[in-house]
Amino acid sequence: MGKKNVNYFTLFVECMEYSCQAAELLLDVIKKYEPERLPDDLKRLHGIEHGGDVAKHKLLERLVKEFLPPLEREDIVALADNIDDVTDGLEDILIQMYMFHINEVKEEAVRFAELLSECCHTLFAMFEEFQNFKKSERLNELMIEVNRLEEQGDALYMQAMYHLYEGDDCLEISKWSAIFGKLEDCCDRCEHVADIVELVVQKNA
């Protein structure tokens, strides 16, 4: 007999946990930045990203065997894919810092990393509430909070780019334009996860 009554909501939480771990590691690396440790930090972050991939595949493999999932199949797949996109995006930031030989981080990068950690932990709390979406009052508040944090990311990106272009070091501008773009994109990915949850709630209310 195969497993029955698989709780997909719990599996979403499990997948999101890897995003939180990746965000915490990224924040720790950026706050205590040591370029010579980046190769080891990347290995650690890739290990977390791989764990997220395994959790996602476990969810999708179970879905293939599911007769009547609690949500539409395409919604379950979209949520799993987009949570994974967040974790991938966090890894991409550190990869780019390594490839560009970044020797010291900018103040806005630290704030971005703090913001991404907040976004991921808010999404984690949102997925913990997701199972009770038909009666949860907190779920909507958490989705709104993710949107608010993403707006902060937009403002921070604009500020970071403004300060960056006050300088005249073309190589520095090129490197950090790309990194700030990755940081802002990761905030967008977090918001996209919340937007999908909102759509799923509306469809199933």
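Below is a short write-up of the structure. (Residues numbered from 1 in each chain as written. Predicted model: local features only at pLDDT ≥ 70, side-chain atom pairs only at ≥ 80, totals over all residues. Heavy atoms only, no water.)

Moving on, we get to the overall build of the protein chain. Within the protein chain, the secondary structure is distributed over six helices and zero strands. For the protein chain, whose C-alpha radius of gyration is 18 Å, the value lies close to the compact-globule estimate of 17 Å for 205 residues. C-alpha atoms of the protein chain, sized along the principal axes, occupy 60 × 35 × 25 Å. Counting only residues that meet the buried cut, the protein chain has 48% of its 205 residues in that class. Within the protein chain, contacts between residues at least 6 apart in sequence are counted, and of these 82% link residues at least 24 apart. Approximately 10,700 Å² of the protein chain is accessible, and the part contributed by carbon and sulfur atoms is 51%. (Helix = DSSP H or I, 4+ residues; strand = E, 2+ residues; numbered from the N terminus. Rg over C-alpha atoms; globule rule 2.2 N^0.38 Å. Buried < 20%, exposed > 50% of the residue type's maximum accessible area, 1.4 Å probe, protein only. Contact = heavy atoms within 4.5 Å. Areas by Shrake-Rupley, 256 points an atom, 1.4 Å probe, with all protein chains shown as cover.)

Quick look at the packing of helix H2 (residues 38–65) against helix H3 (residues 73–99) now. Following both chains from N to C, one finds H2 and H3 inclined at 170°, their axes separated by 10 Å at the closest point. For the element pair H2 / H3, the angle class is roughly antiparallel. Looking at the contact of H2 with H3 residue by residue, the class counts come to 15 nonpolar, three polar and nine charged. (Axes fitted to C-alpha atoms, helices over the stretch in contact; angles between N-to-C directions. Parallel < 35°, antiparallel > 145°, perpendicular 65-115°, else oblique. Nonpolar A, V, L, I, M, F, W, Y, C, P; charged D, E, K, R; others polar.)

Inspection of every chain in the model, using the stated rule, returns one cavity of 30 Å³ or more. As a volume, the largest cavity reaches approximately 30 Å³. For the largest cavity, the full set of lining residues is Cys-15, Gly-52, Lys-56, Ala-80, Ile-83, Asp-84 and Thr-87. Elements with a contribution of two residues or more to the lining of the largest cavity: H2 and H3. Here the lining of the largest cavity takes four residues from H3, the largest share from any one element. Partitioned by chemical class, the residues of the lining of the largest cavity number three nonpolar, two polar and two charged. (1 Å grid on protein atoms, 1.4 Å probe; cavity = no way out; pocket = protein on both sides within 12 Å on 5 of 7 lines; lining within 4 Å. Points joined across faces, edges and corners; volume = space filled by probe spheres on them.)

Moving on, we get to the side chain of Glu-150. In this fold, Glu-150 is placed in helix H5 (residues 138–164). The side chain of Glu-150 is buried and forms no salt bridge, while Arg-148, the nearest opposite charge, is found at 11 Å. Not counting residues within four places of it along the chain, the set of residues in contact with Glu-150 comprises Glu-184, Cys-187, Asp-188 and Glu-191. (Lys, Arg positive; Asp, Glu negative; His and termini not counted. Salt bridge = Lys/Arg side-chain N within 4 Å of Asp/Glu carboxyl O.)

Think of an α-helix as turning once every 3.6 residues; residues three or four places apart then point the same way. If you check H3, its first and last C-alpha atoms are 38 Å apart, about what 27 residues at 1.5 Å a residue would give, namely 39 Å. His-101, located one to two residues past H3, shows a positive phi value of around 55°. (Expected span 1.5 Å × (residues − 1).)

Applying the stated rule across the entire model yields eight aromatic pairs. Their ring planes at 80° and their centres at 6.4 Å tell us that Phe-9 and Phe-12 sit as a pair that is edge-to-face. Of this pair, Phe-9 and Phe-12 both sit in helix H1 (residues 8–31), separated by three residues, roughly a single helical turn. Taking the relative accessible area as the measure of exposure, Phe-12 reaches 0% and is therefore buried. With a centroid separation of 5.8 Å and an interplanar angle of 45°, the aromatic rings of Phe-12 and Phe-127 are classed as tilted. Pair noted here: Phe-12 is in helix H1 and Phe-127 is in helix H4 (residues 107–130), with a separation of 115 residues, a long-range link. The two residues Phe-12 and Phe-127 agree in class, both being buried. (Phe/Tyr/Trp six-rings, centres within 6.5 Å; stacked < 30°, edge-to-face > 60°.)

A few words on the pattern of salt bridges. All told, the structure shown has 14 salt bridges when counted by the stated rule. In this structure, Asp-28 engages Lys-32 in a salt bridge whose closest nitrogen and oxygen atoms are separated by 3.0 Å. In this structure, a network of salt bridges that share partners links the residues Lys-56, Asp-81 and Asp-84.

Time to look at the nonpolar core. Where a protein is soluble and globular, its nonpolar side chains tend to be buried together. Judged by nonpolar contacts, the single largest core of 71 residues is most densely connected at Phe-12, Leu-90, Met-97, Met-126, Phe-127, Phe-130 and Phe-180. Within the residue set of this core, elements represented by two or more residues are H1, H2, H3, H4, H5 and helix H6 (170–204). Top element by residues in this core is H1. It accounts for 15 residues. Phe-127 has contacts with Phe-9, Phe-12, Val-13, Met-16, Leu-79, Ile-83, Val-193 and Val-197, leaving out every residue within four places of it along the chain. (Core = buried A, V, L, I, M, F, W, Y, C linked by side-chain atoms within 4.5 Å.)

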